[in-house]
Amino acid sequence: MVRQAPRVYREAFIADNAFMNMLFASAYEPLYALFKEERESYPDLYPEPLRVRIHRALSWLRAAEKHKLDQDFCFLSLMIATHSCYTRNDSEHLLEFTYIDQMEGLRELKKIEYILLGITGQEFIKEVIANPHLKYNKYTDGNYAGDQSTRAGFDKYIELMKKRDSKGLFREMLIHLNMVRNAIAHGNRTYNSHLNSKTLTSGTAILAEVVPMMIQAIILNPDKDWGETPWWNENKI
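Just so you know, these numbers come straight off a predicted model, no measurement behind them.

## As for the overall build of the protein
The number of helices and strands found in the protein is 10 helices and 2 strands. The secondary structure elements of the protein, listed N-terminal to C-terminal, are β-β-α-α-α-α-α-α-α-α-α-α. Looking at the protein alone, contacts between residues at least 24 apart form 74% of all its contacts between residues at least 6 apart. By element, 51% of the accessible surface of the protein is carried by carbon and sulfur atoms, the whole surface being about 12,600 Å².

Written as structure tokens, this is what we have:
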């Protein structure tokens, strides 16, 4: 059986005052339909832990689409979806790196490379990779240290682009987006703030394209080692 990937479309525009309204056709619906079809066709390939991982990621993608006009919540929902894809209990290594290793050779990783090298990716470089305000050492060691760290990160990313290093680009994308997530989740950003809104807009735009590819990779490749799915153990509370 030849598996056909769903075609996912997304359209975005920048509204007044640099706020973004995400106008994209649902990625959740075709991905959910694909998952249902694959699960019913190959039930033995989708044990409960893998099904839970996929359901979690899909649920947060759906939340992002539902709240697409709320920039902060949409971004956080998409970031939670990425964590749903790669969080695992059975690895001592950086979790996102382990996930990316499993994506090696998959068409979804190549698609992510195209996204990161395209127009959306170029905006991402300007607003996220080259943003010194995302560097923690800017606030601990001063502006000079933060600027040096930003320059090093920017040079590294450009070198990865020249090499078309899909895994390297993907890793750097997740690292920098987690910096943005941390700023919000740890209370270092005012809700619905104008400050750094372009950074959040760029991060949301890139995630809107990348997250469906991350989920699709798991759905279409259940035989890969996506790791032990974490469970919430209420007995330890």
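Moving on from the model shown.
## A word on the layout of surface pockets
Here the idea is plain: a probe the size of a water molecule rolls over the atoms and shows the empty space left. Its boundaries defined by the atoms lining it, the largest pocket holds a volume of some 500 Å³. As for the largest pocket, its lining consists of 20 residues, of which H133, L134, M179, A183 and N188 are closest to the centre. When residues of the lining of the largest pocket are traced back to their parent elements, those giving at least two are α9 (166-185) and α10 (197-220). Element by element, the count of residues in the lining of the largest pocket is highest for α9, at 5 residues. By residue class, the composition of the lining of the largest pocket is 9 nonpolar, 9 polar and 2 charged.

## Observations regarding the packing of aromatic side chains
The full count for this structure, using the stated rule, is 5 aromatic pairs. Between Y28 and Y32 the ring centres are 5.8 Å apart and the planes differ by 25°, which places this aromatic pair in the stacked class. You can see Y28 and its partner Y32 sitting in helix α1 (residues 28-41), 4 residues apart, about one turn around the helix. Judged by relative accessible area, Y28 falls into the buried class, the value being 10%. Plain terms: the ring middles of F35 and Y46 are 5.9 Å apart, the flat faces sit at 70° to each other, and that makes the pair edge-to-face. Highlighted residues: F35 in helix α1 and Y46 in the loop between α1 and α2 (48-66), separated in sequence by 11 residues. Judged by relative accessible area, F35 falls into the buried class, the value being 0%. Taken together, the aromatic side chains of Y99, F170 and W226 make up a single cluster linked through ring pairs. Directly above the aromatic system of F35 lies the positively charged group of R39, at a separation of 5.1 Å from the ring centroid. Positioned above the aromatic ring of F97, the side-chain terminus of R171 is 5.3 Å from the ring centre.

## Thoughts on the nonpolar core
The biggest cluster of nonpolar side chains holds 56 residues, and the ones touching the most others in it are Y99, M103, F170, M173, I206 and I215. When residues in this core are grouped by element, the largest group, 12 residues, is from α10. With residues up to four places along the chain from it excluded, the contact list for I206 reads I115, L116, T120, G121, F124, M173 and L177.

## Notes on the pattern of salt bridges
For the structure shown, the criterion picks out 11 salt bridges. Among the ionic pairs, R189 bridges to D72, the shortest N-O distance being 2.9 Å. Of this pair, R189 sits in the loop between α9 and α10 while D72 sits in helix α3 (residues 71-86), placing them 117 residues apart in sequence. What makes D72 buried here is its relative accessible area of 4%. R107 is the partner of E108 in a salt bridge, and the nearest nitrogen-oxygen pair spans 3.9 Å. Classification of E108 by relative accessible area gives buried; the value is 2%. Several salt bridges share partner residues, and in doing so they unite D101, E104 and K167 into one network.

Procedures and definitions
Residues numbered from 1 in each chain as written. Predicted model: local features only at pLDDT ≥ 70, side-chain atom pairs only at ≥ 80, totals over all residues. Heavy atoms only, no water. Helix = DSSP H or I, 4+ residues; strand = E, 2+ residues; numbered from the N terminus. Contact = heavy atoms within 4.5 Å. Areas by Shrake-Rupley, 256 points an atom, 1.4 Å probe, with all protein chains shown as cover. 1 Å grid on protein atoms, 1.4 Å probe; cavity = no way out; pocket = protein on both sides within 12 Å on 5 of 7 lines; lining within 4 Å. Points joined across faces, edges and corners; volume = space filled by probe spheres on them. Nonpolar A, V, L, I, M, F, W, Y, C, P; charged D, E, K, R; others polar. Phe/Tyr/Trp six-rings, centres within 6.5 Å; stacked < 30°, edge-to-face > 60°. Buried < 20%, exposed > 50% of the residue type's maximum accessible area, 1.4 Å probe, protein only. Lys NZ or Arg CZ within 6 Å of the ring centre and 35° of its normal. Core = buried A, V, L, I, M, F, W, Y, C linked by side-chain atoms within 4.5 Å. Salt bridge = Lys/Arg side-chain N within 4 Å of Asp/Glu carboxyl O.

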